[in-house]
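Inside the fold
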Amino acid sequence: MFFGLIAIAAVIALFVIISRQQTRLGLIERELGALRSLVLSGIPQPAPRPGEVAEAAAGEATAVIAAAAAPSAGEAAPQATAAATPDEPKAEAPAQAGEGSPSEPAGEGQLTQPAAPAEAAVPARAARDVETALGTRWAVWVGGIALALGGLFLIRYTIEAGIFGPGVRLTMAGVLGLVLLAGAEFIRRTGFRVPVQGAAGAYIPAILTGAGAFILFGTVYAAYGIYGFIGPALAFTLLGAIGVATIAVSLVHGLALAGIGLIGAMVTPALVASEAPNPWALFVYLAIVLAATAAIARIRDWKALVAAAFAGTGIWTIVYMTNAPEVNLSTVLFISLASLAVLAFVWLADFLTAGRDDAEPGFDWPSIAPGFFVALTALGLSVDPVFAKAGYASHGAVLLAALLAVALYRPRALPLLFAAGLATALIYLGIIPPATIGADALDVGLGAEPLAASDTLTFRLGIALALVFVAVGFWAARRFAAAAPIRAASWAAWGGIVPLVVLTALWLTFGDIDRDFGYALPALLLVLVFAAGGEEPPLRGGPAVSFALGGGGVAGLLMLHMAFGSSWTTVLLGAAAVVPALATRWRSFPVLGWIAVGAAVAVLGRVAFDPTIVGAAALSTTPVFNWLLPGYGVPALAFGFAAWQLARTTNGRPRLAMEAASALFGLLTIAMLVRHAMHGGVIDTGPVTLAEQAIYTLIALGAGAILVAIDLRSPSPVLRYGSMAAGVLSVAFILIRHFVVLNPLLTDESTGAVPFFNLLLLAYLLPAVAAGALALYVRERRPRWYAAMLALVASLLAFAYATLSVRRLFKGEFIGLWSGLGQLETYTYSALWLVIGVALLTAGVWLRSQVLRIASAVLIAVAVLKVFLFDMSELEGVLRALSFIGLGAVLIGIGLFYQRLLTRAARLGAE
């Protein structure tokens, strides 16, 4: 009771304050009239004092408020403003020039006070903002909340104290709510028709209305849920009426009040329980609330409000479908179709003029909410086992078709198209058995059963939906191609995606995965339809053609998978890349190049899934002439031709991708044939040997040289960086595999019985020659670091070959480290390293290669350390002496050689 009395006293005090403000507004109006008379009379006024500037500003702001609030002030203030505005520049112009009127005394009629700096106004403005926030917005909002809570506290207090009976308590609370509503309307009609300037969020009538509606909500619910004075039907009706009325009143009081009413209306079904709930009552009520909210939101263009209304309706639908023991399908269809009807005929009703919406850019984002929830409903009806067994999938298809219809009728409702397309794709991806795609073997959590039911009804609905999407998608794309290209592209995209997904799902679920002409024929028809759609005159050149032709390319790849076995599919997929490349001779669409790239990606995926092309059991053991040659070679040639063709027509990034694909498959062809030959026809088992790795290294080095040669004739970033990548990859193979992992010193692998033509020749000398030749070839054609890297690796390989050959000379076929070292072998290493160092020095001087000269210096330094640290302790007799004598002779010879070079350089410099 105490809080209720405080609330009533606050309302009375508010009325008193308003009456006083009305008096002040009258005084301000009279002052404005006097000011207008002075301005019109042209009598100069003395300069205002600093303290009067702020008062004048406050008076002006108050005048504006009065002009907006009171009818009488609204008539006088505009006249005064209109009269004063033209004269102000004339009065200020002499002051800005620093000149007074000739007839006036000095110092009169001029602005003697300088204008205040802009920085000084910032703290004052900030202070006024804080003051406004504290005095208007915060105070009013807190006051409104206090009034709402006060009504509830009043009921609670009377219950605890037992002062009044339940009926009296509820009556008092209801009277308080009605008083707040009446007070809000009284204030609105007596001067507060618009929010106060600078305090729009503190509109008092709206806050009082919200507090009153809140109290009435609580009163009705208490009468039903606590005391049982009224039944569920009456409570449901009253609560709904209060919510809808609050939303309606928001036309006068603003969006915040509409939000309060919408929350109350949406919560009402949850507050009112019944022993025999009627779904029809629930969804008819929700449809009425949704329609009313959409109509009001349409008038004020409140997008957030209508989106919340659609979301609330959708949430109630999903909750009913998941929690009701027996779902009434008719009510679900009713509320879903009602939501779409409200969207089309209420919320988007402004675009009834034919053709106007077609040219509107963008989309209506509140349409996302109904699109999402209706598509989710259709997804549930089609995927849930209970609904699917009852045949509700057909009703889900009806909802999907309805989404398409509304999206076509209201083009700004474009999110509905995406919702329908995504839901359809998910439904038919869900019918694919995981075992078909190997998902059960990969243990990705899908289980052994498909996510959705796969029966005859699903099959027929899939065909129907695919046809609908194709027809509607390309018709809409043609319709919007000129006015809205992005919208047309969206329709063309989903017109291609959905049929392709449905066809693939039906093939993997009901067809023969190895070969099925029954599905290959529809795929071929889709190729023709998509190609014809891309040739439509309105679509040609627009973004929609990219999706049309792209869909045709994907349909073609599917057709090859469906019509041919695994071996021929890989070969034909590679050859298919030539078709879009050749098509660029007649149509310069950039998407054609990307279709060729898609074919390359498809081939790469197939060889990654089955590197043997025909399966390990069916692969012939005949070297070279087996399925590996066409399986990798034909795509390599086709990709190369496609890159050549694209370079002469559309060019661009697809050409670069095809060049890279051609180079990759060329290397794969040779590598796979080598592995096949060296493992007796088996390529997917057995570790890589040093001989096999050496062949791979030689292939990579040769590929680098070939790419450089091609790049010199036809420059391309792919060839340039691809050649360098091949060289870097070769160096990585050499350093990791040749020197560490597969080194016969560490593995004790047999080097072969033949003295010279053995494993060391293949694994070290030939790669050294190849790396050195490549370093010379790219010396002036690639960065210096690249050529230096190759030269250094070539030197290391030559050093390793010579050293390991000496080891083999002393140890035989097996040269593992654990067989020990002999004295003569140790001395031979020292002599050999010195000879190699001198040879590198000579080659470095002859070739003018600083890298080779540095390598020779490093090698000779290693030999010196070996002689002093190892030979001195390990060698005996004449070998120790010869080791030091040879070292000294070599070092002296090197010194004389460098002195001679320096002398010659000095002589040439003097000349």
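Structural data are supplied above this passage.
Let me begin by describing the structure that accompanies this report. (Residues numbered from 1 in each chain as written. Predicted model: local features only at pLDDT ≥ 70, side-chain atom pairs only at ≥ 80, totals over all residues. Heavy atoms only, no water.)

Thoughts on the packing of helix H15 (residues 415-429) against helix H19 (residues 485-510)
This is how the line gets drawn: To obtain an axis, a line is fitted to C-alpha atoms, over the contacting stretch when the element is a helix, and the angle between two such axes runs from 0 to 180 degrees between their N-to-C directions. The numbering of helices and of strands both runs from the N terminus, where a helix is a DSSP run of H or I of at least 4 residues and a strand a run of E of at least 2. Roughly parallel means an angle under 35 degrees; roughly antiparallel, over 145; roughly perpendicular, 65 to 115; everything else is oblique. Should any heavy atoms of two residues lie within 4.5 Å, those residues are counted as being in contact. Here the term charged refers only to Asp, Glu, Lys and Arg, the term nonpolar to Ala, Val, Leu, Ile, Met, Phe, Trp, Tyr, Cys and Pro, and the term polar to all other amino acids, Gly among them.
Where H15 meets H19, the closest approach of the two axes is 9 Å, and the angle between their N-to-C directions is 10°. Classified by the angle their axes make, H15 and H19 are roughly parallel. Contact residues: Leu 417, Phe 418, Gly 421, Leu 422, Thr 424, Ala 425, Tyr 428 and Leu 429 in H15; Ser 490, Trp 491, Trp 494, Val 498, Val 501, Val 502, Ala 505 and Leu 506 in H19. Residues belonging to the contact of H15 with H19 are distributed by class as follows: 13 nonpolar, 3 polar and no charged.

Topic: helix H11 (residues 329-347)
What counts is decided by this rule: A helix is expected to reach a length of 1.5 Å times the quantity of its residues less one. N or O atoms closer than or at 3.5 Å make up a polar contact, with two conditions inside protein: a donor-capable atom paired with an acceptor-capable one, and, for residues adjacent in sequence, both atoms drawn from side chains.
Helix length check: H11 (19 residues) gives 26 Å between terminal C-alpha atoms against 27 Å at 1.5 Å per residue, within 8%. Here H11 starts with a cap whose side-chain oxygen sits 3.1 Å from the backbone nitrogen of Ser 330, and that cap is Asn 328.

Description of the side chain of Ser 382
Counting through the fold element by element, Ser 382 comes out in helix H12 (residues 368-383). A distance of 3.0 Å separates the side chain of Ser 382 from the backbone oxygen of Ala 378, its partner in a polar contact.

What to know about the packing of aromatic side chains
Where we set the bar: Between the rings of Phe, Tyr and Trp (Trp by its six-membered ring), a pair exists once the centres lie within 6.5 Å; its type follows the angle of the planes, with under 30 degrees stacked, over 60 edge-to-face, and the other angles tilted. Note on classification: 1.4 Å probe, protein chains only; a residue is buried when its accessible area is under 20% of the maximum for its type, exposed when over 50%, partly exposed between these limits. Counting as a charge over the ring demands two things of the Lys NZ or Arg CZ atom: a distance within 6 Å of the ring centre and an angle within 35 degrees of the ring normal.
In total, this model carries 13 aromatic pairs according to the counting rule given. With centroids separated by 5.8 Å and ring planes inclined at 45°, the aromatic side chains of Phe 345 and Tyr 409 adopt a geometry described as tilted. Taken together, the residues Phe 345 in helix H11 and Tyr 409 in helix H14 (residues 393-409) connect sequence positions 64 residues apart. A ring pair is formed by Phe 641 and Trp 644, whose centres lie 5.6 Å apart and whose planes are at 35°; its orientation type is tilted. Here Trp 644 and Phe 641 lie together in helix H25 (residues 628-647), a separation of 3 residues that amounts to about one turn. With relative accessibility at 30%, the residue Phe 641 sits in the partly exposed group. Following the ring pairs from residue to residue traces out a cluster consisting of Tyr 632, Phe 639 and Phe 665. Across from the ring centre of Phe 480, 5.6 Å away, lies the NZ or CZ of Arg 487, which sits over that ring. Across from the ring centre of Tyr 777, 4.7 Å away, lies the NZ or CZ of Arg 781, which sits over that ring.

Re the pattern of salt bridges
So the rule is basically this: Think of a salt bridge as a Lys or Arg side-chain nitrogen and an Asp or Glu carboxyl oxygen that are within 4 Å of each other.
Under the counting rule described, the total for this entry stands at 4 salt bridges. Two residues, Arg 298 and Asp 301, come together in a salt bridge whose shortest N-O distance is 3.2 Å. Assessed through its relative accessible area of 17%, Arg 298 is described here as buried. Accessibility expressed as a relative area gives 39% for Asp 301, which makes it partly exposed. A salt bridge links Glu 659 to Arg 655, with the nearest nitrogen and oxygen atoms 2.8 Å apart. One end of the pair is Glu 659 and the other is Arg 655, both in helix H26 (residues 653-678) and 4 residues apart, which spans about a single turn. With respect to class, Glu 659 is no different from Arg 655; both count as buried. If you follow the salt bridges from partner to partner, you end up with Arg 298, Asp 301 and Lys 303 in one network.

Structural measurements only, silent on function.
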